[in-house]
Amino acid sequence: MGRMVSDQLFERANRRMPGGVNSPVRAFGAVGGNPFFVERAEGPWLYDVDGNRYLDYVCSWGPGILGHAHPRVIRAVQKACGRGLTYGAPTLGEVELAERIAACVPDVEMVRLVSSGTEAVMSAVRVARGYTGREKIIKFAGNYHGHSDGLLVKAGSGLMTQSVPDSAGVPAGYAASTLTAVYNDQESVRRLMEENPGQVAAIVVEPVAANMGVVPPGAGFLEFLREITKAQGALLIFDEVITGFRLALGGATQYTGVHADLHTFGKIVGGGMPLAAYGGSRDIMSCVAPLGAVYQAGTLSGNPVAVTAGLETLQILMEDPGIYDRIDARAGKLEEAFRGRGLTVNRAGSLLSAFFTPGWERREAAVVENYEDACGCDREAFADYFNRMLSRGIYVAPSQFEAMFVSDAHTEELVEETCQVIGDL
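Residues numbered from 1 in each chain as written. Predicted model: local features only at pLDDT ≥ 70, side-chain atom pairs only at ≥ 80, totals over all residues. Heavy atoms only, no water.

Caption draft 1: Quick peek at the nonpolar core. Of all hydrophobic cores here, the largest spans 68 residues; its most connected members are Tyr57, Ile101, Phe245, Leu317, Leu334, Phe338 and Tyr395. Considering every element that reaches this core, the biggest residue donor is helix H11 (residues 304-319), with eight residues. Look past the residues within four positions of leucine 334 in its chain and what remains in contact with it is Tyr57, Leu352, Met404, Val406, Val415, Thr418, Cys419 and Ile422. One finds Leu192, Ala209, Leu225 and Phe401 within the second-largest nonpolar core, a separate group that totals 30 residues. (Core = buried A, V, L, I, M, F, W, Y, C linked by side-chain atoms within 4.5 Å. Buried < 20%, exposed > 50% of the residue type's maximum accessible area, 1.4 Å probe, protein only. Helix = DSSP H or I, 4+ residues; strand = E, 2+ residues; numbered from the N terminus. Contact = heavy atoms within 4.5 Å.)

Right under this line is the structure:
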């Protein structure tokens, strides 16, 4: 599978872009070799500039729940482009998207649209601080909440891939207000709350962690977070940039039955366009300017083209809720195939990760329940697996610490073919 043109483009990119990419994990640093450059995408397929075709289980890191270039979404976006790309003024689409999000997610009464998941979580944390009058937040090692300064403390995703525990350029004062607990460890949370009485504004959590590989919450873990935040006067923030509209139409709350005070959304909510959102009860969201004193603004917030893509995507999901049953079942087949190879597999709906835990080659699969477990995986074995899959035309995330995504465009036949490839590895 030749990639000469991609190699040439990567050489050019390295001259003008740090690492030749605009997001670190794309550089293939964890798996070796150079990345391929995409020319186009359709359905479950990516086509690179060298004419190669890949069955895509990355789905642009989550937005592609319908597959690439869904005809209805493309037609809607094309019409929106013809009306102008940006106005910097209110539109009907913004109102409709906010109404649609609120109709799907039980806890959300008011919504603010922004342009990225990082911006959504950063803003939700600011709202929590403004609402409670407190400064400290609790996050979990291995949970990635975007690249805002106060949240780059033992984050997951690309930081784990590069073995970078924190980021340079973050003032010590920012990090000091962020307390780090252990995911799925109730005692670590309880201890931080006791050591910082009346000081914690919020606990922010990925309700299903998906940036240290997929790590579902243990029994009672989210319920415990809900109880302790209520008892201590803190807010609970669900970072649903990945899980929102992915686990279910109502996101993590519908999937787990646990309610949060604030939710953040990205990826699917924008239908693949740069759009994100945060929202919660009317009482809490009334803190946001111009109603309240928590300031947040953005020139391109609620961009009409991005809003159109999000509206059409959510409309399709609402019209055909059976999509969730289909993609969950197909992800289950992949899970079985990986387990048949002796790997540890974590899955939540259509999100899954295969972990090369210590002893995997002897079929002695170990559990992965937190950041430390994930860090103990065999990254060389993962890199070998990644490159074998890619050589067979199957694209999975180029990092042990990212999720595998199944879309509605992944037919049963394609999933069966993938399972056969997994069995041959």
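Caption draft 2: Region of the structure containing the pairing of strand E12 (residues 351-355). Of all the five residues making up E12, five are buried; the element is thus mostly covered by neighbouring parts of the structure. Neither face of E12 is open: one carries Leu351, Ser353 and Phe355, the other Leu352 and Ala354, and all of them are buried. Inspection of the sheet shows strand E11 (residues 344-348) paired to E12 by five bridges, in the antiparallel sense. Its bridge partner lying in E12, valine 345 is registered against alanine 354. Hairpin geometry of E11 and E12 is characterised by an intervening segment of two residues between the two adjacent antiparallel strands and by a positive phi of about 60° at glycine 349. Sheet topology places E12 next to strand E14 (residues 404-405); two bridges connect them, and they run antiparallel. Considered in E14, the bridge of leucine 351 is made with phenylalanine 405. (Pairing = 2+ DSSP bridges.)

Caption draft 3: A look at the sheet that holds E11. Across the sheet, three strands lie side by side as E11-E12-E14; this open sheet has antiparallel pairing. The open sheet has two edge strands with one neighbour each: E11 and E14.

Caption draft 4: Structural detail: helix H14 (residues 379-391). End to end, H14 covers 18 Å across 13 residues, agreeing with the expected 18 Å (1.5 Å per residue, within 8%). Restricting attention to buried positions, one finds in H14 the residues Ala381, Phe382, Ala383, Tyr385, Phe386, Met389 and Leu390. Those residues of H14 that are buried lie in contact with strand E3 (53-56), helix H12 (322-340), strand E13 (394-395) and helix H15 (412-424). For H14, the side-chain oxygen to backbone nitrogen distance between the N-cap and glutamate 380 is 3.1 Å, and the N-cap itself is aspartate 378. Once H14 finishes, glycine 393 follows within two positions and takes phi at roughly 80°, a positive value. (Expected span 1.5 Å × (residues − 1). Polar contact = N/O pair within 3.5 Å; in protein donor to acceptor, adjacent residues only side chain to side chain.)

Caption draft 5: Looking closely at helix H4 (residues 117-132). For H4, spanning 16 residues, the distance from its first C-alpha to its last is 23 Å, which sits close to the expected 22 Å at 1.5 Å a residue. For H4, the complete set of buried residues consists of Gly117, Thr118, Glu119, Ala120, Val121, Ser123, Ala124, Val125, Val127 and Ala128. A positive phi of about 75° marks glycine 133, the residue just after H4.

Caption draft 6: Looking closely at the packing of aromatic side chains. Throughout the structure, instances matching the rule amount to 15 aromatic pairs. Note on tyrosine 183 and phenylalanine 221: the rings are 5.3 Å apart at their centroids and 65° apart in plane angle, and the pair reads as edge-to-face. Here phenylalanine 221 lies in helix H8 (residues 221-232) and tyrosine 183 lies in the loop between strand E6 (178-181) and helix H7 (186-195), a separation of 38 residues in the sequence. Taken as a pair, tyrosine 183 and phenylalanine 221 share a single burial class, namely buried. Here phenylalanine 338 and tyrosine 385 contribute two aromatic rings whose centre-to-centre distance is 6.0 Å and whose plane-to-plane angle is 75°, an arrangement assigned as edge-to-face. Of this pair, phenylalanine 338 sits in helix H12 while tyrosine 385 sits in helix H14, placing them 47 residues apart in sequence. What makes tyrosine 385 buried here is its relative accessible area of 7%. In this arrangement the basic side chain of arginine 40 is found over the ring face of tyrosine 47, its NZ or CZ atom lying 3.9 Å from the centre. It is arginine 53 that lies over the ring of tryptophan 45; its NZ or CZ is 3.6 Å from the centre. (Phe/Tyr/Trp six-rings, centres within 6.5 Å; stacked < 30°, edge-to-face > 60°. Lys NZ or Arg CZ within 6 Å of the ring centre and 35° of its normal.)

Caption draft 7: Quick look at the sheet that holds strand E10 (residues 276-280). The strand order E4-E10-E9-E8-E7-E5-E6 describes an open sheet built from seven strands, whose pairing is mixed. Strands with a single pairing partner mark the edges of an open sheet, and in this sheet they are strand E4 (110-114) and E6. Across this sheet, the average inter-strand angle for adjacent strands is 20°, counted without regard to direction. By the bridge criterion, four bridges tie strand E7 (residues 200-205) to strand E8 (residues 235-240) in an arrangement that is parallel. Bridge assignment links alanine 202 to a residue of E8, and that residue is leucine 235. (Axes fitted to C-alpha atoms, helices over the stretch in contact; angles between N-to-C directions.)

Caption draft 8: Highlighting the environment of valine 170. Topologically, valine 170 is positioned in the loop between helix H5 (158-161) and helix H6 (172-176). With a relative accessible area of 21%, valine 170 lands in the partly exposed category. Taking the C-alpha atoms as reference points, valine 170 and glycine 51, separated by 119 residues in sequence, lie 42 Å from one another.

Caption draft 9: Region of interest: the pattern of salt bridges. This model, assessed by the stated rule, comprises 14 salt bridges. Of the charged contacts in the structure, one is a salt bridge between aspartate 261 and arginine 226, with a shortest N-O distance of 2.8 Å. One end of the pair, aspartate 261, is in the loop between helix H9 (251-256) and strand E9 (262-265); the other, arginine 226, is in helix H8, and 35 residues separate them in sequence. Here lysine 333 ties to glutamate 416 by a salt bridge, and the two come within 3.5 Å at their closest N and O atoms. Taken as a pair, lysine 333 in helix H12 and glutamate 416 in helix H15 lie far apart in primary sequence, 83 residues in all. According to the relative accessible area criterion, lysine 333 is partly exposed, its value standing at 28%. Overall, glutamate 416 belongs to the partly exposed group, its relative accessible area being 35%. Via salt bridges that share partners, Arg72, Glu312 and Glu319 belong to a single interconnected network. (Salt bridge = Lys/Arg side-chain N within 4 Å of Asp/Glu carboxyl O.)

Caption draft 10: Examining the packing of helix H3 (residues 92-104) against H11 more closely. The interhelical angle for the contact between H3 and H11, taken along N-to-C directions, is 35°, at an axis separation of 10 Å. In this structure, the crossing between H3 and H11 has a hand that is left-handed. Side by side, H3 and H11 meet where Gly93, Glu94, Glu96, Leu97, Arg100, Ile101 and Cys104 of the first sit next to Val307, Gly310, Leu311, Leu314, Gln315 and Met318 of the second. Residue classes in the contact of H3 with H11 are distributed as seven nonpolar, three polar and three charged. (Left-handed = near helix turned anticlockwise from the far one by under 90°. Nonpolar A, V, L, I, M, F, W, Y, C, P; charged D, E, K, R; others polar.)

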